[in-house]
Amino acid sequence: MEILYLISGIIFCELITYSSKYTFALNQKYLRSFPPNFLMQIYFGICALILMALFEYTLVIKISLMDLLKISCQSFLLFSISALIVNTIINCIRKKNENDNLDDSSQNNNFIDENVNKKIFIFMVLFINPITEELLYRGFLLNHILSLDYIIINSKVIIISLPILISGLYFGIVHRSLLKMGMDKYFVYKIVVKATIVGIACGYFYIEYNSITAAIVAHFIANISENLSSSFFNSIFHLFAKKS
């Protein structure tokens, strides 16, 4: 039975991901000033709510202010450090395999064009994506496979179960679709690895605090720390590049 839930959960998410491609044409036609994945994110949220209602999964929203502060601090530290490590490793791999410029801005990594309102894009990344994606990947998928109750890591610091790992890995792998948009492969590798870390961490916080708000806040902090760490890394790179 546990395997059936795992398979069905992945199938549901894959169907949602596949069908979401049709939202891009609508987005381009009716909401050109919005990011191209705006309707896709809304679609994710709606599908997640429908699936949760269908399987009668309930979400706890309430969480204490102290817990939110704790999650925010832990998340920022984790995601900032992990982003710097991942960026450094993959950039070293790029440099070894190709004699390319390490500056991501020089690569084909743009997901938005000049018609997109940048303020709307930032608002979506910070406030819409964390909600809709957590509803789908933690609110539905993680809850759907909770019966796979096998503990992988059990320490005084952290407990990671198989459902948390699976939902996190799937969340990361889903970002492989960015390759189909013509983005630089090394840039996509970074996104996939960092998204996997974010997915596992959000799953941990969701289970640890029994609140979807915990996962959403962690996801929000991840998006902020990613931008800050990327800016810091690029600044350091340019500094050393000038010296050399």
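Residues numbered from 1 in each chain as written. Predicted model: local features only at pLDDT ≥ 70, side-chain atom pairs only at ≥ 80, totals over all residues. Heavy atoms only, no water.

Asks: Explain the overall build of the chain to me, please; I cannot follow it from the model alone.
Replies: The helix and strand inventory of the chain stands at eight helices and two strands. Reading the chain from its N terminus to its C terminus gives the helix and strand order α-α-α-α-α-β-β-α-α-α. Excluding contacts between residues fewer than 6 apart, the proportion of contacts in the chain whose partners are at least 24 apart in sequence is 76%. Only carbon and sulfur atoms are counted for the fraction: they give 68% of the accessible area of the chain, which is about 13500 Å². (Helix = DSSP H or I, 4+ residues; strand = E, 2+ residues; numbered from the N terminus. Contact = heavy atoms within 4.5 Å. Areas by Shrake-Rupley, 256 points an atom, 1.4 Å probe, with all protein chains shown as cover.)

Asks: Would you take a moment to explain the pattern of salt bridges for this structure?
Replies: Oppositely charged side chains can form a pair if their charged atoms are brought close together. Tallying each qualifying case throughout the model produces three salt bridges. The salt bridge involving arginine 94 is made with aspartate 184; its shortest N-O contact spans 3.1 Å. Residue arginine 94 is found in helix H4 (residues 65–97), and its partner aspartate 184 is found in the loop between helix H6 (162–174) and helix H7 (185–209); the two are separated by 90 residues along the sequence. Exposure class is identical for arginine 94 and aspartate 184. Each is buried. Across the pair glutamate 134 and arginine 138 runs a salt bridge whose closest N-O atoms are separated by 2.7 Å. Note that glutamate 134 and arginine 138 are positioned in helix H5 (residues 118–144) at a spacing of four residues, about one turn of the helix. A relative accessible area of 0% means that glutamate 134 is categorised as buried. (Salt bridge = Lys/Arg side-chain N within 4 Å of Asp/Glu carboxyl O. Buried < 20%, exposed > 50% of the residue type's maximum accessible area, 1.4 Å probe, protein only.)

Asks: I would appreciate a short explanation of the pairing of strand E1 (residues 151–154) in the present structure.
Replies: Where E1 lies against strand E2 (residues 159–161), three bridges are found, and the strand directions are antiparallel. The partner of isoleucine 153 across the bridge, within E2, is isoleucine 160. What sits between E1 and E2 in their antiparallel hairpin is a turn of four residues. (Pairing = 2+ DSSP bridges.)

Asks: It is not clear to me how the confidence of the model for the chain should be interpreted in this structure. Could you clarify?
Replies: Any region with low pLDDT has predicted coordinates that should not be read closely. Confidence along the chain averages 89 in pLDDT terms, with 87% of residues attaining 70 or more. Looking at the elements of the chain, mean pLDDT is at its lowest for helix H8 (residues 212–243), recorded as 74, and at its highest for helix H3 (residues 38–54), recorded as 98. (pLDDT = per-residue confidence, 0-100.)

Asks: Quick question: what am I supposed to make of the nonpolar core here?
Replies: The tendency in soluble globular proteins is for nonpolar side chains to be buried side by side. Grouped together as the largest cluster of nonpolar side chains are 42 residues, with contacts concentrated most on Ile71, Leu136, Tyr137, Phe140, Leu141 and Phe205. Every element with two or more residues in this core is listed here: helix H1 (2–19), H3, H4, H5, H6, H7 and H8. Aside from chain neighbours lying at most four places away, what touches phenylalanine 140 is Gly9, Phe12, Cys13, Leu51, Met52, Phe55, Tyr57 and Leu135. (Core = buried A, V, L, I, M, F, W, Y, C linked by side-chain atoms within 4.5 Å.)

Asks: Hey, could you run me through the side chain of threonine 196 in this one?
Replies: In this fold, threonine 196 is placed in helix H7. What threonine 196 contacts, discounting residues up to four positions off in sequence, is Gly168, Leu169, Gly172 and Ile173.

Asks: Can you help me understand the environment of tyrosine 206 in this one?
Replies: Within the secondary structure layout, tyrosine 206 lies in helix H7. The exposure class assigned to tyrosine 206 is buried, which follows from its relative accessible area of 5%. Taking the C-alpha atoms as reference, tyrosine 206 lies 9.6 Å from valine 60; in sequence the two are 146 residues apart. For tyrosine 206, the residues in contact, after removing those within four places along its chain, are Leu59, Arg138, Leu142, Asn143, Ser211, Ile212 and Ala215.

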